[in-house]
Amino acid sequence: VRHPGENPRMDILDRLLGHDAWTTEAVLRCCAALSDEALDRPLGVGLGTVRATFSHIVKNMEYWTDLIAERPVRPHPPSPGTQSVPLLLSRLTAASHDLAATSRALLRAGRLDDTFTDSPDSDGARFSFGGAIVHVITHSMHHRAQILLMLRRLGIADLPEGDVLSWEDHLQRHAGA
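Residues numbered from 1 in each chain as written. Predicted model: local features only at pLDDT ≥ 70, side-chain atom pairs only at ≥ 80, totals over all residues. Heavy atoms only, no water.

Chemist: Would you mind going over the packing of helix α1 (residues 12–29) against helix α5 (residues 129–153) with me for this structure?
Modeler: One can describe the packing of α1 onto α5 by two numbers: an axis separation of 10 Å at closest approach and a directional angle of 25°. When the axis of α1 is compared with that of α5, the two are roughly parallel. In the crossing of α1 with α5, the sense of the turn from one axis to the other is left-handed. In contact with Leu13, Leu16, Leu17, His19, Asp20, Thr23, Thr24 and Val27 of α1, α5 contributes Ile133, Ile137, Ser140, Met141, Arg144, Ile147, Leu148 and Leu151. (Axes fitted to C-alpha atoms, helices over the stretch in contact; angles between N-to-C directions. Helix = DSSP H or I, 4+ residues; strand = E, 2+ residues; numbered from the N terminus. Parallel < 35°, antiparallel > 145°, perpendicular 65-115°, else oblique. Left-handed = near helix turned anticlockwise from the far one by under 90°. Contact = heavy atoms within 4.5 Å.)

Chemist: Please explain a nonpolar patch on the surface as it appears in this structure.
Modeler: A cluster of nonpolar side chains, namely Ile12, Leu16 and Val134, defines an oily patch on the protein surface of about 250 Å² accessible area. Within the secondary structure layout, leucine 16 lies in helix α1. (Patch = residues over 30% accessible without salt bridge, like charges linked within 9 Å, V, L, I, M, F, W, Y side chains within 5 Å. Areas by Shrake-Rupley, 256 points an atom, 1.4 Å probe, with all protein chains shown as cover. Salt bridge = Lys/Arg side-chain N within 4 Å of Asp/Glu carboxyl O.)

Chemist: Teacher, can you tell me more about the nonpolar core here?
Modeler: What tends to happen in soluble globular proteins is that the nonpolar side chains get buried as a cluster. Of all hydrophobic cores here, the largest spans 38 residues; its most connected members are Cys31, Val50, Phe54, Ile68, Ile147 and Leu151. Only α1, α2 (36–39), α3 (50–68), α4 (85–108) and α5 provide two or more residues apiece to this core. Counting residues per element, this core draws most heavily on α5, at 9 residues. (Core = buried A, V, L, I, M, F, W, Y, C linked by side-chain atoms within 4.5 Å. Buried < 20%, exposed > 50% of the residue type's maximum accessible area, 1.4 Å probe, protein only.)

Chemist: Looking at this model, I keep getting lost on the pattern of salt bridges. Mind explaining?
Modeler: All told, the structure shown has 16 salt bridges when counted by the stated rule. For glutamate 25, the salt bridge goes to arginine 29, with nearest N and O atoms at 2.8 Å. One end of the pair is glutamate 25 and the other is arginine 29, both in helix α1 and 4 residues apart, which spans about a single turn. Note on glutamate 25: relative accessible area 27%, which makes it partly exposed. Between aspartate 36 and arginine 51 there is a salt bridge, with its nearest N and O atoms 2.9 Å apart. Taken as a pair, aspartate 36 in helix α2 and arginine 51 in helix α3 lie far apart in primary sequence, 15 residues in all. Where salt bridges share partners, they join Asp66, Arg71, Arg74 and Asp98 into one cluster.

Shown next, in the form of C-alpha cells:
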C-alpha cells in the first residue's frame, strides 16, 4: 500500500486499504495491556467481546482475500477465544498485506468489475472483485466502531478517532522517519 508523500499518484484504493489496515492495527494495539478477562468480558456489542470481534475482523479479511484471490480458503484457528493480541496483530499484518497485494493486482489487471463465485458449493452467488474488496474494508470499519465502544466501556482512554484524514496526517508527520 502506498502512502501520502511516497507517491503523488496515490489512488482511492491505496487510501481505503492503507487507512483500514492502519486503523485496525491502532485499535488492536490499544488492547495490548488488557487482561484476558477484559478481552473476553461480554459487553453486549458486536460479537460480544473485544477478542471475538477482532478475531472475526481478521478471519473475514483472510477469508475474503482467499476468495478474491481465487484460491482455497485457508483453515482458521479452531478457537478464536484463545488468540492473543500479538497473534491477532501478526495475522492482521499478514492479512492486510495480502488483501492490498491481491487488490492492487486486480486493479492493474482491470478486473475490479469482473465477478467470482463466493464458494464452489454455494448457490451460485456472484460478486464483483471491487465490491468484495470494499465489503472487507467496510466490514472492518463497522466492527472497529463496535470495538471502540467496548473499549470505552472497559475504561480505555485516548482511543484513536480512526478517520482517514487523521491517518493521512499521521503519514505526513512520519514520512521519511
